[in-house]
Amino acid sequence: MHTVAIPMLHADAAFRAAARGLLAAQIPPEDVLWQFDTGGTDLFAGPAATAAPGNATVPRAYVELMGTVVWHCDPERFARLYALLWRLPRTAGLMTDRGDPALAKLRAMEKAVRRDRHKMTAFVRFREIDSTPARRRFAAWFEPSHYITEMTAPFFATRFGDMDWIIQTPHLTAHFIDGKISFGDGVTNPPLPDDATEDLWRTYYANIFNPARLKVKAMQAEMPKKYWKNLPEASLIPGLIADAESRARAMQDAAPTLPPLRTDRVMATLPHPATPDALNACTRCPLYRDATQAVPGEGPNDARLMIVGEQPGDLEDLAGRPFVGPAGQLFDRIATEAGLDRGAAYVTNAVKHFKFTPRGKRRIHQRPDRSEIEACTWWLDAERDRIKPKLILAMGATAMQALTGDGKAVMKRRGTVESMGDGTPVFITVHPSYLLRVPDHIRAAETESFRQDLAAAAALLEAIVADEKGPRQTGTAPS
């Protein structure tokens, strides 16, 4: 049995030398006991293996993997690396085999080390300990999850090359003095002096904190709580989170309710909103880059009903008109059966450009994401302001998202009426393209449900119009 001790410092070079010798001597992994020596003892504590000429070539992918994994804290990392190295000449394509459990484990360890290194570069906080006319001196304390101090020190040497610094960790201490890196033993949490600039940093952090964009889980994913105790701004975080809702509400209340006077002058120079010229000049989201053209709504400017779908399809993108493809033709047929006159309605989409993925000669429809829907809401609001409909028919999740702010639970909410902020009623139903995708055995039932939704919307519109006209006057006209 060969016992190999890898030292703390320069562990990558030590492992390469040891592995090269063992491989040249054809010593199998099961005959090697690897140890991590933090005290700096001899490289080989047992029988030594000497390198022989003509060693096998090692793939670059393995060298890169090894150069990262050696810094992992798993005590089995060296054994795992050597076992993989032993298999390389015996297993073709091993480094590209995603299904190999041993390689998958090492890849996960590699990812963990890289993530830990990223966290160290992000969360080390230096405090000034001395200042001279030539070079200022700083110190920092950090608790990494893995043995990454040596591999990360060059980053700080490049980033802070104009000052002397010390980074102390439980495993190793990195010194950068007069432009040269050296290493010493690790220490426990040292007492560092107070730094006046930390108060300034806390003030800055508190002022750039945006309560309206607070996402606690996302914040903790990037800055896990294990690092908070060593960050000066961490003491502010609980309070900022607790006050976020009230501060966001105060920001909304303080927001201006009227546009500035210059808005009217700017808008007067623009084409009328939702016209083809204005839409085709829109670059609010990236969809304009691939679409043939923007597709505006169409219908009477005094329409009492506005029908809102998702986005133009392939045929609509080519024709420049909404609802002329298969879904639009199906809608026309069912709407006629339900007593809903499309010709009297204003028909448009929540998103004005066709979003698709090319597949050969075909363009496959892709659902718009939240940012694309929000970018197009400006155009939809302009259409609503011009048409001033009495009722809006929202068909599908995208239309629901654009009109109500919530595109979830379409099937649960279909057939119901919700209100927009200005009081305009919104009748919710599915998009007709849904009927083209459902299995054959339920298509008839779903089509009938859609027809009933349209009939209910038509009846609701008639009732709204009747209520606005008021009760009819009865009686005998004077002779």
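The structure this text deals with has already been given above.
Residues numbered from 1 in each chain as written. Predicted model: local features only at pLDDT ≥ 70, side-chain atom pairs only at ≥ 80, totals over all residues. Heavy atoms only, no water.

**Let's talk about the overall build of the protein**
In terms of regular secondary structure, the protein is built from 18 helices and 14 strands. Scored against the burial criterion, the 479 residues of the protein give a buried share of 42%. At a minimum sequence separation of 6, the contacts of the protein that also span at least 24 residues come to 71%. (Helix = DSSP H or I, 4+ residues; strand = E, 2+ residues; numbered from the N terminus. Buried < 20%, exposed > 50% of the residue type's maximum accessible area, 1.4 Å probe, protein only. Contact = heavy atoms within 4.5 Å.)

**Overview of the layout of surface pockets**
Unfilled space is identified by rolling a water-sized probe across the atoms. The space that makes up the largest pocket amounts to roughly 810 Å³. In terms of lining, the largest pocket is formed by 31 residues, of which the most central are Glu 310, His 365, His 431, Ser 433 and Arg 437. Elements supplying a minimum of two residues to the lining of the largest pocket: α12 (314-319), α13 (326-338), β11 (362-365), α15 (397-404), α16 (410-413) and α17 (432-437). Of the residues contributing to the lining of the largest pocket, the split by class is 14 nonpolar, ten polar and seven charged. Size it by volume and the second largest pocket reaches roughly 460 Å³. Val 124, Arg 125, Phe 126, Phe 160 and Thr 197 are the residues nearest the centre of the second largest pocket, which is lined by 20 residues in total. Residue contributions to the lining of the second largest pocket peak at five residues, all from helix α6 (residues 196-208). Grouping the constituent residues of the lining of the second largest pocket by class yields twelve nonpolar, two polar and six charged. (1 Å grid on protein atoms, 1.4 Å probe; cavity = no way out; pocket = protein on both sides within 12 Å on 5 of 7 lines; lining within 4 Å. Points joined across faces, edges and corners; volume = space filled by probe spheres on them. Nonpolar A, V, L, I, M, F, W, Y, C, P; charged D, E, K, R; others polar.)

**Some points on the sheet that holds strand β9 (residues 346-349)**
Strand order in this open sheet of five strands is β9-β8-β12-β14-β13, and the pairing throughout is mixed. Looking along the sheet, the strands with just one partner apiece sit at the ends: β9 and β13 (417-419). Adjacent strand axes in the sheet meet at a mean angle of 25 degrees, parallel and antiparallel pairs treated alike. Direction of pairing for strand β8 (residues 305-309) relative to β9: parallel, over a ladder of four bridges. Looking at β9, one finds that Val 308 is bridged to Thr 348. (Pairing = 2+ DSSP bridges. Axes fitted to C-alpha atoms, helices over the stretch in contact; angles between N-to-C directions.)

**Focus on unusual backbone geometry**
We note that Gln 26 has phi near 55 degrees; this positive angle belongs to a residue other than glycine. In this fold, Gln 26 is placed in the loop between α1 (11-24) and β2 (32-37). You can call Gln 26 partly exposed: its relative accessible area is 47%. One non-glycine residue, Phe 323, lies in the positive phi region at around 55 degrees.

**Regarding the environment of Arg 137**
Within the secondary structure, Arg 137 sits in strand β4 (residues 136-141). For Arg 137, a relative accessible area of 31% gives the class partly exposed. Contact partners of Arg 137, with chain neighbours within four places excluded, come to Arg 127, Glu 128, Ile 129, Asp 130 and Asp 164.

**Digging into helix α4 (residues 101-123)**
For α4, with 23 residues, the first-to-last C-alpha span of 33 Å sits near the 33 Å given by 1.5 Å per residue. Among the residues of α4, those classed as buried are Leu 103, Leu 106, Met 109, Glu 110, Val 113, Asp 116, Lys 119, Met 120 and Phe 123. On its buried side, α4 packs onto α2 (60-69), α3 (77-87), α5 (149-159), β5 (164-168) and α7 (216-222). Among the residues of α4, the N-terminal cap falls to Asp 100, whose side-chain oxygen and the backbone nitrogen of Ala 102 are separated by 3.3 Å. (Expected span 1.5 Å × (residues − 1). Polar contact = N/O pair within 3.5 Å; in protein donor to acceptor, adjacent residues only side chain to side chain.)

**Side note on the packing of aromatic side chains**
A full pass over the atoms with the stated rule returns 18 aromatic pairs. Measuring from centroid to centroid gives 6.1 Å for Phe 36 and Phe 78, while their planes differ by 35 degrees, and the two rings are tilted. Taken together, the residues span a long stretch of sequence, with Phe 36 in strand β2 and Phe 78 in helix α3 at a distance of 42 residues. According to the relative accessible area criterion, Phe 36 is partly exposed, its value standing at 24%. Classification of Phe 78 as buried rests on a relative accessible area of 1%. With 6.3 Å between their ring centres and 15 degrees between their planes, Phe 156 and Phe 160 make a pair best called stacked. On the basis of relative accessibility, which here comes to 1%, the residue Phe 156 falls in the buried class. Phe 160 gets classed as partly exposed once you look at its relative accessible area, which sits at 24%. Each residue in the set Phe 15, Trp 34, Phe 36, Phe 78, Tyr 82, Trp 86 and Tyr 147 is aromatic and connected to the rest through ring pairs, giving one cluster. Between the NZ or CZ atom of Arg 77 and the centre of the ring of Phe 36, over which it lies, the distance is 4.4 Å. Its guanidinium or amino end placed over the ring of Trp 86, Arg 90 lies 4.0 Å from that ring's centre, counting from NZ or CZ. (Phe/Tyr/Trp six-rings, centres within 6.5 Å; stacked < 30°, edge-to-face > 60°. Lys NZ or Arg CZ within 6 Å of the ring centre and 35° of its normal.)

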